[in-house]
Number of protein chains: 2
Amino acid sequence: MGAQRQPKQDRHQEILDAAAQVITDRGLADTRISDIAERAGVSPGLILYYFESKDLLLSEALSFANDQFYLRLSREVRRIRTAKGQLIRLVDLSVPGLLPEYGRLDEWALWIEVWTRALHNEKMARDREMLDKRWRDSIADIIQTGQKTGEFPSGDADELALRIGALIDGLAVQVVMNDSEVTSLRMRQTVLDMAAKEIGFELGPADLELGAKG
Amino acid sequence: MGAQRQPKQDRHQEILDAAAQVITDRGLADTRISDIAERAGVSPGLILYYFESKDLLLSEALSFANDQFYLRLSREVRRIRTAKGQLIRLVDLSVPGLLPEYGRLDEWALWIEVWTRALHNEKMARDREMLDKRWRDSIADIIQTGQKTGEFPSGDADELALRIGALIDGLAVQVVMNDSEVTSLRMRQTVLDMAAKEIGFELGPADLELGAKG
């Protein structure tokens, strides 16, 4: 790995990346600091030097995975002309296992682990709230863009974003656990139908094709 | 506690009740079998005699808390004449912390713990799927009742139940973690608005009063 020659920032990110992978694979309860150290190719001592506890490591690993999600989102959304197309892409990026180019998404497993810890840890509860607000705001931004250009009718963008974001959360839990009735494709269809009805736009057959650009 | 004189069934339920309380208070990761034994007033050996592992105990504790939820639901819904009133009561019973007569509901904390374990445990994933299906079916039953009597327009009751159930799940996670923007009352309003729009019924001011009977 040539870890000794890497700048500090890279090793920090490598540890977070390894933590996200190991926690997703095994679950936080069955993850030891030494497992993450092995995956990252660093010593357990270095991990404890950067992060005080497994909880802190989990919290930062989710932030890190989340940053990657928003990087992908903004890179993709920039290329899409319509707010409807942007919203469809946001939904596609958030459905677990839908887009083969992104493989299995780590974020959902990390979110669920963070929810569990946040029930008993005030600092994690506040971190979760901040990340959830960022999630709602990114949905609201797209809705507001569509409302400003007249593509969508007017409406309370924050309330619409709360509904769409919470529906995505609730369905993603079922999809990520391989529910036999709630598949990736059903989740996509359900979220898009509900978003179209709530925001007030038409969904055509072309919109429902995966990878369609608005 | 006089545990020795109690019939077996009672002790089994007392253990599950104690497990639900301790896991809700401390989280599964920080719960020891001995904590549950102490709360239930039995020996740790007896708990391990009934339940093989902490995971199995969690799974059965959620089933137990869930059974209590459905008992409450059917007892209350039986007294309500309209499907709309029944649906409103179902929503009220599922919003964390809304109804003071039920105190803090244990189910949501247990659900989140089960989600975390189900990511890495096939048996728990199947248990979760079964419980989630029961949840959707109980929503669909009320919708179908309303559709049969003509109170609601026709529609795909299973799909509507999926949307309403998942929205409740996604919002409950935020409420149970004391999100400053997503309160119990906001969750109630959001779910009822969305359900009215999706199912196709009118929500009057009287419907929005807490404890209104349809």
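What comes next concerns the included structure. The structure presented is a predicted model; accordingly, all values stated were derived computationally and were not measured.

### Remarks on the overall build of chain A
- Within chain A, the secondary structure is distributed over nine helices and zero strands.
- Counting helices and strands in the order they occur from the N terminus, chain A gives α-α-α-α-α-α-α-α-α.
- Expected size for 214 residues packed as a compact globule is a radius of gyration near 17 Å; at 19 Å, chain A falls within 12% of this value.
- Dimensions of chain A, computed from C-alpha atoms along their principal axes, come out at roughly 55 × 35 × 30 Å.

### Some remarks on helix 9 (residues 184-200) of chain B
- For helix 9 of chain B, built from 17 residues, the straight-helix expectation of 24 Å at 1.5 Å per residue is met to within 8% by its first-to-last C-alpha distance of 24 Å.
- Among the residues of helix 9 of chain B, those classed as buried are Ser-184, Met-187, Arg-188, Thr-190, Val-191, Leu-192, Met-194, Ala-195, Ala-196, Glu-198 and Ile-199 of chain B.
- Buried residues in helix 9 of chain B make contact with helix 8 (157-176) and helix 9 (184-200) of chain A together with helix 5 (83-94), helix 7 (122-148) and helix 8 (157-176) of chain B.

### Thoughts on unusual backbone geometry
- For Asn-178 of chain A, which is not glycine, the phi torsion reads 60 degrees and is therefore positive.
- Examined against the element boundaries, Asn-178 of chain A turns out to sit in the loop between helix 8 and helix 9.

### Details of the side chain of Ser-184 of chain B
- Locating Ser-184 of chain B in the fold gives a position in helix 9.
- When sequence neighbours within four positions are dropped, the list of residues in contact with Ser-184 of chain B reads Val-95, Pro-96, Gly-97, Leu-98 and Val-175 of chain B.

### What to know about the relation of the copies chain B and chain A
- With an RMSD of 0.0 Å, the operation that places chain B on chain A is a rotation of 180 degrees combined with a shift of 0.0 Å along the axis. Classification of the inter-copy transformation places it as that of a two-fold axis.
- Same-surface contact between copies: 100% of interface residues of chain B are shared with the interface of chain A.

### Considering the pattern of salt bridges
- Under the criterion given, the structure shown has 46 salt bridges over all chains.
- Across the pair Arg-126 of chain A and Glu-122 of chain A runs a salt bridge, and its minimum N-O distance is 2.1 Å. Of this pair, Arg-126 of chain A and Glu-122 of chain A both sit in helix 7 (residues 122-148), four residues apart, which is roughly one turn of the helix.
- Residue class for Arg-126 of chain A comes out partly exposed when judged on its relative accessible area of 33%.
- A cluster of three or more residues bridged by salt bridges with shared partners is formed by Glu-159, Arg-163 and Glu-198 of chain A together with Arg-186, Asp-193 and Lys-197 of chain B.

### Quick notes on the interface of chain B and chain A
- Residue-level contacts link 48 residues of chain B with 48 residues of chain A.
- When the area that chain B buries against chain A is broken down by residue, the three leading residues are Leu-119, His-120 and Met-177 of chain B, summing to 16%.
- Connecting chain B to chain A are 14 salt bridges.
- In this structure, the salt-bridge partner of Glu-159 of chain A is Arg-186 of chain B, at a minimum N-O distance of 3.0 Å.
- Counting across the chain B and chain A interface gives 21 residue pairs in polar contact (both at pLDDT 80 or more).
- Among the secondary structure elements, those contributing two or more residues to the side of chain B that touches chain A are helix 1 (8-26), helix 6 (107-118), helix 7, helix 8 and helix 9 of chain B.
- If you tally residues by element for the side of chain B that touches chain A, the top one is helix 8 of chain B, at twelve residues.
- The class makeup of the residues in the side of chain B that touches chain A is 17 nonpolar, nine polar and 22 charged.

### Focus on the nonpolar core
- Core analysis: the biggest nonpolar cluster contains 154 residues, and Ile-15 of chain A together with Ile-15 of chain B have the highest contact counts within it.
- Among residues more than four places away in sequence, those in contact with Ile-15 of chain B are Ile-36, Ala-40, Val-42, Leu-46, Ile-47, Tyr-50, Phe-51 and Leu-57 of chain B.

### Considering the layout of surface pockets
- Empty space within the largest pocket amounts to approximately 250 Å³.
- Together, 17 residues line the largest pocket, and Leu-28, Ala-29, Glu-113 and Arg-117 of chain A together with Ala-29 of chain B are the ones closest to its centre.
- Only helix 4 (54-77) and helix 6 (107-118) of chain A together with helix 4 (54-77) and helix 6 of chain B provide two or more residues apiece to the lining of the largest pocket.

### Here's the deal with the packing of helix 8 of chain A against helix 9 of chain B
- Look at helix 8 of chain A against helix 9 of chain B: their axes get within 11 Å of each other, and the N-to-C directions meet at 80 degrees. Between helix 8 of chain A and helix 9 of chain B, the angle is such that the two are roughly perpendicular. Across from Asp-158, Glu-159, Leu-162 and Arg-163 of chain A in helix 8 of chain A, the residues of helix 9 of chain B making contact are Arg-186, Thr-190, Asp-193 and Met-194 of chain B.
- Tallied by class, residues from the contact of helix 8 of chain A with helix 9 of chain B come to two nonpolar, one polar and five charged.

### Quick word on the packing of aromatic side chains
- Within this structure, the stated rule accounts for 13 aromatic pairs over all chains.
- Between Phe-69 of chain B and Tyr-70 of chain B, the aromatic rings sit 5.2 Å apart at their centres with planes inclined by 80 degrees, giving edge-to-face as the arrangement.
- The buried category is assigned to Phe-69 of chain B, whose relative accessible area is 5%.
- Among the aromatic residues, ring-to-ring pairing joins Trp-111 and Trp-115 of chain A together with Trp-111 and Trp-115 of chain B into one connected group.

### Regarding the environment of Arg-26 of chain B
- Examined against the element boundaries, Arg-26 of chain B turns out to sit in helix 1.
- Residue Arg-26 of chain B is classed as partly exposed on the basis of its relative accessible area, which comes to 38%.
- Discounting chain neighbours no more than four positions away, the residues touching Arg-26 of chain B are His-120 of chain A together with Thr-31 and Asp-35 of chain B.
- Separated by 3.2 Å, the side chain of Arg-26 of chain B and the backbone oxygen of Asp-30 of chain B make a polar contact.

### Re the environment of Glu-14 of chain B
- Positionally, Glu-14 of chain B belongs in helix 1.
- Separated by 23 residues in sequence, Glu-14 of chain B and Ala-37 of chain B place their C-alpha atoms 9.9 Å apart.

Rules used in this analysis
Every chain is numbered independently, its residues counted from 1 as its sequence is written. Working convention: letters from A go to chains and numbers from 1 go to ligands, in the order in which they are written. Given that the model is predicted, a residue must reach a pLDDT of at least 70 before its local features are reported, and side-chain atom pairs must reach 80 or more before they are shown or counted; all residues, however, enter totals for whole chains, interfaces and linings. With hydrogens and water excluded, all non-hydrogen atoms of the structure serve as input to the side-chain values. Numbering goes from the N terminus for both helices and strands, where a helix is a DSSP run of H or I of at least four residues and a strand is a run of E of at least two. Computation of the radius of gyration draws on C-alpha atoms alone. For the globule rule, the value is 2.2 Å times the number of residues to the power 0.38. A helix is expected to span 1.5 Å multiplied by its residue count minus one. Burial here depends on accessible area, computed with a 1.4 Å probe over protein chains only, as a share of the maximum for the residue type. Under 20% is buried, over 50% is exposed, and the range in between is partly exposed. We call two residues in contact when some of their heavy atoms are within 4.5 Å. We place the copies in one frame by least squares, fitting the C-alpha atoms of every residue whose pLDDT is at least 70 in both. Only one rule defines a salt bridge in this text: a Lys or Arg side-chain nitrogen within 4 Å of an Asp or Glu carboxyl oxygen. Accessible surface is computed with a 1.4 Å probe, and the buried area is the amount of it that two parts give up when combined, taken over both parts together. As used in this structure description, the phrase polar contact means that two N or O atoms lie within 3.5 Å; if the pair is within protein, one of them must be able to donate a hydrogen and the other to accept it, and residues adjacent in sequence are counted only when both atoms belong to side chains. Polar here means any residue other than Ala, Val, Leu, Ile, Met, Phe, Trp, Tyr, Cys and Pro, which are nonpolar, and Asp, Glu, Lys and Arg, which are charged; Gly is therefore polar. Among buried residues, those of type Ala, Val, Leu, Ile, Met, Phe, Trp, Tyr and Cys that are joined through side-chain atoms within 4.5 Å constitute a nonpolar core. Any residue with an atom within 4 Å of a point lines the site, the site being either a cavity, points on a 1 Å grid over the protein atoms alone where a 1.4 Å probe fits but cannot get out, or a pocket, an open set with protein on both sides within 12 Å along at least 5 of 7 lines. Grid points are joined across faces, edges and corners, and a volume is the space filled by probe spheres set on the points. To get an axis, a line is fitted to the C-alpha atoms, and for a helix only the part in contact is used. The angle between two axes follows their N-to-C directions and goes from 0 to 180 degrees. Any angle that falls under 35 degrees is termed roughly parallel, while one over 145 is termed roughly antiparallel, one within 65 to 115 roughly perpendicular, and all others oblique. We call Phe, Tyr and Trp rings a pair once their centres come within 6.5 Å, taking the six-membered ring for Trp, and we label the pair stacked below 30 degrees between planes, edge-to-face above 60, and tilted otherwise.

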